[in-house]
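Each chain, written out:
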Amino acid sequence: MIEGRGLRKVFKSGIFRNKAVVAVDGVNVRIDEGEAVALVGESGSGKSTLGRILLMLIRPDEGKVVFEGIELTKLKGKELRRLRTKMQLIPQNPEDALDPRWRLYDSVAEPLRVHGLCDKNEEEERVLELTKAVGLKEEHLGRYPHELSGGELQRAVIARALALNPKFLVCDEPTSMLDLSTQATVVRLLMKLQRRMDLAILFITHDVELAQIVGDRVLSMAEGRIANSVVC
Amino acid sequence: MSGLLEVINLKVCFKTESGVVKAVDGVSFEVFEGERFVLVGESGSGKSVLAQAILRLLPKNAEIEGKVIFEGRNLLELSEDEMRKIRGKEIAWIPQSQTALNPVLTVGFQCAEPLMEHFGMKRSSALAKILGIFDFLGIGGRAEDYPHQFSGGMRQRVLVAMGISAEPRLIIADEPTKGLDAAKRGQVAELFQRVDKTMLIITHDLQFAESLADRIAVMYCGEIVEISSAKDFFSNPLHPYSQGLLNSLPSRGLKPIPGFQPSLVNLPKGCRFRERCWLADDRCKERPPLARVGDRLVRCWMYD
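A. Molecular detail of the packing of helix α4 (residues 104–114) of chain A against helix α6 (residues 150–162) of chain A. Residues and elements named next belong to chain A. The geometry of α4 relative to α6 is characterised by a closest axis approach of 7 Å and an angle of 25 degrees between their N-to-C directions. Taken as axis vectors, α4 and α6 run roughly parallel relative to one another. Of the two possible hands of crossing, α4 and α6 adopt the one that is right-handed. Two secondary-structure elements touch here, α4 through Leu104, Ser107, Val108 and Pro111 and α6 through Ala156, Ala159 and Arg160. Here the contact of α4 with α6 is composed, by residue class, of five nonpolar, one polar and one charged.

Here you go:
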């Protein structure tokens with residue numbers, strides 16, 4: 001369903017752009033519909049960059065990204081934006097992912113508003129439905145991010161990511177900032193939703209054991225390359 | 001073995017707008033000479049507050065009760081001047097790595113500071129001693145560098161160097177593996193093993209705890225619910241919360257504990273784990289005592 005071919009990304013820095021870091025170095029990756037693929041690697045191995053390239057949040061220097069037969073790397077602003085509804089990101093730190101001055105309701109409803117998909121009543125219905133799906137209570141919706149725990153925030157972030165019925169989800173170390181028992185709860189929730197909605201997931205983590213539980217397949221990455229691929 | 005540090009019925013409260021937060025509620029334990037005592041707990045369990053209360057690093061609005069006996073003296077009754085002589089010299093504090101170092105001083109100088117402060121050593125001889133410790137910890141030759149030139153794992157080494165430089169009797173480390181990835185966590189564990197000191201280590205990282213603890217205490221909602229030797233704890237945890245915590249490890253099945261941790265302002269009466277416990281019955285409406293089971297302690301009616 002989503003495929004990256006020959007992906008390469010070099011980050012240049014320094015005054016004369018003379019320092020180069022090859023973050024992703026010739027990667028081929030394919031994720032089928034409803035498949036959960038876990039991507040493991042140490043910090044700096046390029047796994048987050050790869051995740052963001054597949055979402056087209058970072059443009060690759062070389063290679064192409066194909067989503068449901070459409071070559072995303074050829075698309076421009078507006079066309080790409082339409083397809084973005086189908087691909088979403090769950091970032092690492094839920095505290096940074098939500099606007100601290102918005103109530104949770106507005107954060108969860110924002111994707112619906114941005115894409116102009118429904119009117120006020122439908123919006124409310126949809127937000128409540130999402131809230132229930134991730135195990136939050138209605139009263140949480142009126143609160144601000146600082147009034148919630150890390151696990152509750154990450155649930156809200158998941159609700160927001162699912163608001164547009166995506167087909168493909170990139171989870172970039174979604175539990176590395178959470179407590180152990182909260183991690184178990186959030187990961188189990190993600191796995192349940194993945195099956196129910198038949199989502200394709202790229203689950204990025206540095207925990208090999210976690211990767212083996214979540215992934216149908218586990219890819220390991222080192223120095224910008226896929227070093228190993230194991231079917232679980 | 002004798003207790004180097006003894007904490008007796010320690011209570012720490014904070015008065016806030018929404019009510020009194022009992023961050024630590026009647027905690028007692030001993031740390032024996034030469035052992036590594038690891039305090040595990042999740043966020044909000046009160047473990048960091050407990051450590052800071054021992055060294056009296058808490059803000060003024062904290063109300064502290066109980067006793068902290070270190071070498072025969074109650075630290076909570078000492079004057080600020082006497083306390084300053086203990087901090088860094090007798091008891092070292094290794095804080096969380098991200099923000100603990102001064103960005104505008106070289107790491108060598110920062111580590112030498114306790115020596116100059118507590119022992120009146122000259123800068124040059126203090127630095128010479130630090131260079132030896134840096135070599136020992138595997139960061140030799142980096143003393144002239146600044147914190148931003150170090151990675152997270154390296155900064156942790158600097159903090160350890162600073163902690164052991166004055167050869168303290170006890171080291172208290174607060175979440176030394178926070179924000180590090182799996183490989184680096186292993187390195188920190190190795191580092192701590194190499195430092196042969198009495199340690200009180202606070203962490204939420206069970207794998208890290210397993211790799212170096214002699215004894216383990218588990219905190220939940222401001223209370224200690226279990227104290228066991230590390231071996232017993234990981235092979236046969238007694239308290240239902242300890243069991244739940246271990247079962248939420250990915251290697252042990254990633255099974256979540258049902259429910260949420262209650263707010264510290266509005267704690268359930270009786271056993272604090274009651275509402276999430278699959279074994280709770282009527283007895284649990286009363287607060288269980290810390291019962292002795294062999295050489296282990298556990299706060300659950302099952303073992304009474």
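B. Just the pairing of strand β1 (residues 3–16) of chain B, in detail. All names here are of chain B. Of the strand pairs in this sheet, β1 and strand β2 (residues 19–32) are connected by 11 bridges, and their pairing is antiparallel. Pairing of Leu5 across the sheet is with Val31, part of β2. Note: β1 against strand β4 (residues 62–70), eight bridges, orientation antiparallel. Residue pairing across strands places Glu6 opposite Ile69, the latter belonging to β4.

C. The arrangement of the sheet that holds strand β4 (residues 62–67) of chain A in detail. Residues and elements named next belong to chain A. The strand order β2-β1-β4-β5 describes an open sheet built from four strands, whose pairing is antiparallel. Lying at the two open borders of the sheet, with one neighbouring strand each, are β2 (19–31) and β5 (70–71). As paired elements, strand β1 (residues 2–13) and β4 share five bridges and run antiparallel to each other. Paired with Arg8 across the strands is Glu62, a residue of β4. Sheet strands in contact with helix α1 (residues 47–54) are β1, β2 and β4, and its direction is about 120 degrees off that of β1.

D. Local environment of the packing of helix α5 (residues 152–165) of chain B against helix α6 (residues 182–194) of chain B. Residues and elements named next belong to chain B. The interhelical angle for the contact between α5 and α6, taken along N-to-C directions, is 15 degrees, at an axis separation of 10 Å. As the angle between them shows, α5 and α6 are arranged roughly parallel. The way α5 lies across α6 gives a crossing that is right-handed. Contacts between α5 and α6 involve Gly153, Gln156, Arg157 and Val160 from the former and Lys184, Gln187, Val188, Leu191 and Phe192 from the latter. The residue makeup of the contact of α5 with α6, split by class, is four nonpolar, three polar and two charged.

E. Inspection of the interface of chain A and chain B at higher detail. Across the contact, 19 residues belong to chain A and 23 residues belong to chain B. Here chain A and chain B share an interface that buries about 1,700 Å² over both sides, 56% of which is from carbon and sulfur atoms. Contact with chain B buries surface across chain A, with Asp179, Leu180 and Ser181 of chain A losing the most and accounting together for 34% of the total. For the interface between chain A and chain B, the tally reads zero salt bridges. Sorting the residues of the side of chain A that touches chain B by element identifies α6, α7 (180–197) and α8 (208–214) of chain A as the ones contributing at least two each. Element by element, the count of residues in the side of chain A that touches chain B is highest for α7 of chain A, at eight residues. Grouping the amino acids of the side of chain A that touches chain B by side-chain chemistry returns five nonpolar, seven polar and seven charged.

About the criteria used
- Residues numbered from 1 in each chain as written.
- Chains lettered and ligands numbered in written order.
- Predicted model: local features only at pLDDT ≥ 70, side-chain atom pairs only at ≥ 80, totals over all residues.
- Heavy atoms only, no water.
- Axes fitted to C-alpha atoms, helices over the stretch in contact; angles between N-to-C directions.
- Helix = DSSP H or I, 4+ residues; strand = E, 2+ residues; numbered from the N terminus.
- Parallel < 35°, antiparallel > 145°, perpendicular 65-115°, else oblique.
- Left-handed = near helix turned anticlockwise from the far one by under 90°.
- Contact = heavy atoms within 4.5 Å.
- Nonpolar A, V, L, I, M, F, W, Y, C, P; charged D, E, K, R; others polar.
- Pairing = 2+ DSSP bridges.
- Buried area = accessible area lost by both parts, 1.4 Å probe.
- Salt bridge = Lys/Arg side-chain N within 4 Å of Asp/Glu carboxyl O.

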